[in-house]
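# Structural features, examined
The lines below spell out each chain.
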Amino acid sequence: MNTVSVDPRILERFKRLVASSRMGHAYLFVGPKETGKTQTALGVAQLVNCESSEAAPCGICPSCQKIASRNHPDVMVVNQNEGSIKIDQIRSLLGRLQLKAYEAKTKVFIIRDVENMTLEAANSLLKTLEEPASNTLMILTTATPESNLDTIRSRCHVVKFFPVSKNRLQETLNVSPDVARLLTVYTDGCLGQSRILLEEDFISRKNKILDAFLKSSNEDALKKLSSEKEEAREALHVFLSMVRDAILFKSGVAAIELMHVDRLLDVQSLAGRPYEELAAIYNQVIKTKQLLDENLNAKMGFSILRQRIWQN
Ligand SMILES: [Zn+2]
C-alpha cells in the first residue's frame with residue numbers, strides 16, 4: 001500500500017531520527033523533479049503518526065491509510081499542482097498551524113516546489129521555520145537548490161534526493177532489467193516519470209515510433225509523427241536514444257548495456273552504417289529538436305532526417 005516512490009534510504013534515516021528522538025521540525029528536500037520528494041515526505045508523515053509501535057510506517061493503520069489517500073485532516077500538502085505559491089496559501093497554512101491537531105500525534109505540512117514561492121510568501125514562512133509550533137513538522141521540497149532560497153535553507157535541515165539507480169527502479173516498479181535500463185536512461189532516473197510512462201504503455205509506443213523511422217521509407221509515417229508538437233518531441237527523443245545505441249554498439253559496447261535491447265536487430269543494422277552517416281543522422285535529430293524548441297515548423301527538419309536515414 002505504501003506509495004511506490006518513497007526513497008527507502010531517506011525514510012530509513014528518518015526512522016533512526018525518530019527512534020533516537022533527534023527529529024527536527026523543518027526539513028528541505030532538495031532533488032531533481034520526480035525523485036520521490038513528496039512521496040517520501042508523506043512517508044515521513046506516516047512514520048511520525050503511525051499507530052503501530054513496531055513497524056511504523058505500517059501502511060495499514062487508519063492514520064497511514066488516510067495519509068496515503070491524502071485524506072488526513074492534519075497532513076496538509078501545499079501546492080499539489082506546481083504553480084506559484086502565493087501568500088494566501090501560506091497564510092491559510094499558518095492558520096492551520098495554530099489549531100490543535102484533530103487526530104494526529106504530529107501535524108505535518110508539506111510545501112512542494114518552494115522555489116515557486118513569491119518573496120512575500122517566503123518571508124511570511126520564515127518565522128514559523130525558526131520558531132516551530134509544538135508537535136508540528138514542516139517539510140519543504142525544491143528541485144532548484146541554487147535558487148533564491150538561502151533564508152529558507154538556513155532554517156531547515158537539508159535532505160538531498162538523487163535520481164534513482166536502475167536496480168531501484170527495477171525493484172520499485174517491478175519490471176524486467178531491460179525495461180528498467182530503458183526507463184532509467186530515458187528519464188534520467190526519474191521514478192515518477194518512469195511510472196507514468198509504464199502506465200501509458202510507453203514500450204509499445206516507443207516501438208511504433210522506431211518503426212516509423214526505420215521500417216518504412218514512406219514519408220507518411222514521419223509526417224504523422226511531426227504533426228503534433230509533443231508527439232514530435234517524444235519521437236525525436238526516442239529516435240535519438242536509438243541512434244545513441246547504434247553508436248555505442250558500433251564502438252563495442254555490449255548489447256546488454258543498450259536501451260533498446262528489444263530492438264537489437266535494428267540497432268545492429270543501424271550500427272552497420274559508417275560513423276559519418278550516423279553522425280549526420282544524430283545531428284539532424286538535434287537540429288529538428290531545436291526547431292521544435294524554438295516553436296518553428298519542424299516538418300522540414302523531419303523531412304531532411306528521413307533523407308539522412310534512407311539516403312534519398
Ligand atoms: Zn501505520
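Splitting the chain by domain gives domain 1 (8-162) and domain 2 (201-310). A straight line from the C-alpha centre of domain 1 to that of domain 2 covers 42 Å.

The subject of this paragraph is the sheet that holds strand 3 (residues 107-111). Pairing is parallel across the open sheet formed by five strands, whose spatial order is 2-3-4-1-5. What marks the edges here is a single partner per strand, and that holds for strand 2 (75-78) and strand 5 (157-160). Across the sheet, the mean angle separating the axes of adjacent strands is 20 degrees when strand polarity is ignored. With five bridges connecting them, strand 1 (residues 26-30) and strand 4 (residues 136-142) associate as parallel partners. By the bridge assignment for strand 4, Y27 is matched with I139. Its contacts with the sheet put helix 2 (residues 37-49) on strand 1, strand 2, strand 3 and strand 4, and the angle it makes with strand 4 is roughly 170 degrees.

F29, A45, V108, I139 and L140 are the most contacted members of the largest nonpolar core, which has 36 residues in total. Of all the secondary structure elements, the ones that give two or more residues to this core are helix 1 (8-19), strand 1, helix 2, helix 3 (62-68), strand 3, helix 5 (119-130) and strand 4. The element best represented in this core is helix 2, accounting for six residues. Those residues in contact with V108, other than ones at most four positions away along the chain, are A45, V48, D74, V75, L137 and I139. The next biggest cluster of nonpolar side chains, apart from the first, holds 35 residues, and it includes L183, L191, F213 and A298.

Its 19 residues give helix 14 (residues 275-293) an end-to-end C-alpha distance of 27 Å, which sits within 8% of 27 Å, the value for a rise of 1.5 Å per residue. Taken together, the buried positions of helix 14 are occupied by I281, Q284, V285 and T288. Around the axis of helix 14, the buried residues are gathered within 105 degrees of arc, so they sit on the same side. Away from its buried face by more than 90 degrees, helix 14 exposes Y275, E276, Q290 and D293. Considering only its buried residues, helix 14 is in contact with helix 12 (229-250) and helix 15 (299-310). Within two residues after helix 14, N295 carries a phi angle of roughly 60 degrees, on the positive side.

This part takes up the pairing of strand 4. For a regular strand, side chains alternate in direction, first toward one face of the sheet and then toward the other. Most of strand 4 is tucked away: six of the seven residues are buried. Where strand 3 meets strand 4, five bridges bridge the pair, whose relative direction is parallel. Note that in strand 4 the partner of F109 across the bridge is M138. Crossover handedness for the path strand 3 to helix 5 to strand 4: right-handed.

With that settled, the discussion passes to the packing of helix 10 (residues 202-214) against helix 12. Contact geometry of helix 10 with helix 12 gives a least axis separation of 9 Å together with a crossing angle of 75 degrees. Between helix 10 and helix 12, the angle falls in the class roughly perpendicular. Side by side, helix 10 and helix 12 meet where K206, I209, L210 and F213 of the first sit next to A235, V238, F239 and M242 of the second. Taken together, the residues of the contact of helix 10 with helix 12 break down into seven nonpolar, no polar and one charged.

On to unusual backbone geometry. Put simply, A56 and P57 share a cis peptide bond, and its omega is -10 degrees. With respect to the helices, strands and loops of the structure, P57 is situated in the loop between helix 2 and helix 3. The backbone of N295 sits at a positive phi, close to 60 degrees, despite the residue not being glycine. With respect to the element layout, N295 can be found in the loop between helix 14 and helix 15. Judged by C-beta crowding, with 8 C-beta atoms within 10 Å, N295 ranks as exposed.

Orientation of helix 11 (residues 219-226) relative to helix 15, taken along the N-to-C sense of each, is 145 degrees, at an axis distance of 10 Å. Between helix 11 and helix 15 lies a crossing whose hand is right-handed. Residues E219, L222 and S226 of helix 11 touch helix 15, and the partners they reach there are K299, F302 and R306. Grouping the constituent residues of the contact of helix 11 with helix 15 by class yields two nonpolar, one polar and three charged.

Rules and cut-offs
Residues numbered from 1 in each chain as written. Predicted model: local features only at pLDDT ≥ 70, side-chain atom pairs only at ≥ 80, totals over all residues. Domains from an automatic or database assignment. Pairing = 2+ DSSP bridges. Helix = DSSP H or I, 4+ residues; strand = E, 2+ residues; numbered from the N terminus. Axes fitted to C-alpha atoms, helices over the stretch in contact; angles between N-to-C directions. Contact = placed C-beta atoms within 7 Å. Core = buried A, V, L, I, M, F, W, Y, C linked by C-beta atoms within 7 Å. Buried ≥ 20, exposed ≤ 12 C-beta atoms within 10 Å, placed from the backbone. Expected span 1.5 Å × (residues − 1). Arc of directions from axis to C-beta. Right-handed = clockwise from strand over helix to strand, strands pointing away. Parallel < 35°, antiparallel > 145°, perpendicular 65-115°, else oblique. Nonpolar A, V, L, I, M, F, W, Y, C, P; charged D, E, K, R; others polar. Left-handed = near helix turned anticlockwise from the far one by under 90°.

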